[in-house]
Amino acid sequence: MRQEWRLVQRERSLWILLVVFAIVALYAIYNGREAVQREQASLLRDAHQRKAFLDSLEQVAKKEEAKLVSLQKPLEPPAWGARHPYFANMRAAATASLPILNLSALSIGQSDLHIKERLIRLDSEQESFEQDESDLRHPLKLKLGEFDFAFVIIYLFPLLILALLFSVMSGEKESGVLSLFGVQPVSLFEIAKRKLLLRAALLLGVAEVLVLIGVLWSDTRLEAGVGRVVLLMLAVLVYGMFWVALVWFVLSFGKSPAVNALILGACWIALLIVLPSVLNGLAEMLYPLPSRVKYVDAMREASVEAERRSAKLLEQFYQAHPELAKDTLARDRDFAIKNLLAMEEVLKSVQPVRETFHVRRAQQAEFLKRIQWLSPAIVMQQALNTIVGTSEERYAEFMRQARAFHQQWRRLFEPLIFQRKAFTNYTALPEFQFQEEPIAEIAQRSLSLLMLILIPTSLLTIGAFIRFKTYSIVL
């Protein structure tokens, strides 16, 4: 091992590549950190502006109420303005925001295309179909995403491993040095193991140090928790071990360095480029999403039909609530009730298209979940996203909580609108609070994904061990 370390110290190409890799990784960490900080600042700025706006609306509403009291005019039904509940629902619409964890700077993935702020008001359910999806964004942005640390680990780190390990053993074999090892009281497997392990330990150690730098740089107070950091380091270690095991297995065939480089390069392209594209294409082909144009057309037709039937819908409402039909003046102002009834009618009409869309999306996700083990790139990206908080599961949970909050918003304003009550308490409006998943669930999902990498790693290692028993020391 000491002799091997001396040889490693003299390999200029190894150290040059390590320095270049470290520089690229540090830039990726910086780039991801800047992107996350911009989004965090935007969310914080929006929250401050909303608080100030609600304060001003409450002051206006109370001034209007005080004026009505001084003029001895009835307070209800409220005229259109700051005291009208439909006005309050529209102007003081709440925002459901998905908190951005500091560690997400390390694996942004496609989370930058997710909508992290959802407007919560009575008619927002009608717009949620477009807001739920991100594929309306620029296609180049959707394909490339941000240049982050996850990209460096998933795509460039394997290249570094392949570039620095592909000629181990085969280089000595080609030069004839390996034949001298045959007279030594050490098996070829032990020689290969020590050569590979020393270099692999160096590469994996550099990667782990970069992970720690990325964590401390993006999350100086470790607000995300030690558990996520441990999982992150474990994920990088397991992923690196897979590529080391792959190199080991390819070297066990005893081919020349040129052939090894060709085989390993083909594996990198197949596992990281071709397979993910093919699997995504299969998911879209087997479970195609309904046309968004069809949804938009259905929404327009339903809106026109609801507008045409608005008078009838309102009349049916008054038949069900005769106590509200007595005030003729109030009935003339009931555009808010008419809008709510029309909105319900539109949602019922487009519900089949929405359900089909969500069912197909769920089928695509389930299909990819069943076959993701074929590509370590997909598994690793999902594991990293799960650990740092940019996973599809976390976003789906945010959407679920946002929909639940929307129902709470409806329960607050719809009774006031239907009963023609006034609203003045803007500063007491409910605020959305996202509930994070327990770290135990995150660890369980992450470890399950890492097992999909550990299993082929173990098989490749066993295969290499078996093949080295018959390894030839001559070409």
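Only a predicted model underlies this, so the values are computations on that prediction, with no experimental measurement involved.

J.: Just give me the short version of the overall build of the protein, but keep the residues and values in it.
T.: For the protein, the helix and strand inventory stands at 18 helices and two strands. When each of the 475 residues of the protein is scored for burial, the buried share is 45%. Taking as baseline every contact in the protein between residues at least 6 positions apart, the subset at least 24 positions apart corresponds to 85%. When the accessible surface of the protein is summed, it comes to about 24200 Å², and 61% of that surface belongs to carbon and sulfur atoms.

J.: Before we move on, could you go through the side chain of Asn 89 and cite the residues and values that matter?
T.: Tracing the sequence through the fold places Asn 89 in helix α3 (residues 85-91). One polar contact links the side chain of Asn 89 to the main-chain amide nitrogen of Leu 122, over a distance of 2.8 Å. Excluding anything up to four places from it in sequence, Asn 89 contacts Arg 121, Leu 122, Trp 409 and Phe 413.

J.: Explain the environment of Leu 264 residue by residue, including any values.
T.: In this fold, Leu 264 is placed in helix α11 (residues 257-286). Those residues in contact with Leu 264 that lie beyond four places of it in its chain are Leu 162, Phe 166, Leu 246, Val 247 and Val 250.

J.: Describe a nonpolar patch on the surface, naming the residues involved and giving the relevant values.
T.: On the surface, Ile 269, Ile 273, Val 274, Val 278, Leu 282, Met 285 and Leu 286 cluster together into a nonpolar patch covering about 590 Å² of accessible area. Along the chain, Val 274 falls in helix α11. A relative accessible area of 42% places Val 274 in the partly exposed class.

J.: If you had to explain the nonpolar core to someone new, which residues and values would you point to?
T.: Nonpolar side chains in soluble globular proteins generally cluster together in the buried interior. Within the largest apolar cluster, 69 residues are counted, with the highest numbers of intra-cluster contacts made by Phe 157, Trp 243 and Met 380. Mapped onto this core, the elements with two or more residues apiece are α2 (12-70), α6 (149-165), α9 (188-218), α10 (226-251), α11, α16 (376-388) and α18 (439-468). Not counting residues within four places of it along the chain, the set of residues in contact with Phe 157 comprises Phe 21, Val 152, Leu 203, Leu 204, Ala 207 and Gly 240. If you look at the next biggest cluster of nonpolar residues, it comprises 34 residues, including Leu 57, Phe 87, Ile 337 and Ala 402.

J.: Would you mind going over the packing of α6 against α10 in detail, with residue names and values included?
T.: In helix packing, the relevant descriptors are the interaxial angle and the interaxial distance, both defined with respect to the helix axes. Interaxial distance between α6 and α10 falls to 10 Å at its minimum, and their mutual angle equals 35°. As for how α6 packs across α10, the hand of that crossing is right-handed. Residue-level contacts link Ile 153, Ile 154, Phe 157, Pro 158, Ile 161, Leu 162 and Leu 165 of α6 to Val 236, Tyr 239, Gly 240, Trp 243, Val 244, Val 247 and Leu 251 of α10. Here the residues of the contact of α6 with α10 sort into 13 nonpolar, one polar and no charged.

J.: Tell me about unusual backbone geometry, and please be specific about residues and values.
T.: Cis geometry marks the peptide bond from Glu 76 to Pro 77; its omega dihedral reads 0°. By secondary structure assignment, the location of Pro 77 is in the loop between α2 and α3. Phi at Gln 72 takes a positive value of approximately 55°, unusual for a residue other than glycine. With respect to the secondary-structure elements, Gln 72 resides in the loop between α2 and α3. Note on Gln 72: relative accessible area 74%, which makes it exposed. Residue Arg 420 is not a glycine yet carries a positive backbone phi of 60°. Within the secondary structure, Arg 420 is located in the loop between α17 (392-418) and α18.

J.: Which residues make up the pairing of strand β1 (residues 94-97), and what values do they have?
T.: By the alternation rule, side chains of β1 split into Ala 94 and Ala 96, which are all buried, and Thr 95 and Ser 97, of which none is buried. When β1 meets strand β2 (residues 117-120), the two strands line up antiparallel, connected through four bridges. Paired with Thr 95 across the strands is Leu 119, a residue of β2.

Procedures and definitions
- Residues numbered from 1 in each chain as written.
- Predicted model: local features only at pLDDT ≥ 70, side-chain atom pairs only at ≥ 80, totals over all residues.
- Heavy atoms only, no water.
- Helix = DSSP H or I, 4+ residues; strand = E, 2+ residues; numbered from the N terminus.
- Buried < 20%, exposed > 50% of the residue type's maximum accessible area, 1.4 Å probe, protein only.
- Contact = heavy atoms within 4.5 Å.
- Areas by Shrake-Rupley, 256 points an atom, 1.4 Å probe, with all protein chains shown as cover.
- Polar contact = N/O pair within 3.5 Å; in protein donor to acceptor, adjacent residues only side chain to side chain.
- Patch = residues over 30% accessible without salt bridge, like charges linked within 9 Å, V, L, I, M, F, W, Y side chains within 5 Å.
- Salt bridge = Lys/Arg side-chain N within 4 Å of Asp/Glu carboxyl O.
- Core = buried A, V, L, I, M, F, W, Y, C linked by side-chain atoms within 4.5 Å.
- Axes fitted to C-alpha atoms, helices over the stretch in contact; angles between N-to-C directions.
- Left-handed = near helix turned anticlockwise from the far one by under 90°.
- Nonpolar A, V, L, I, M, F, W, Y, C, P; charged D, E, K, R; others polar.
- Pairing = 2+ DSSP bridges.

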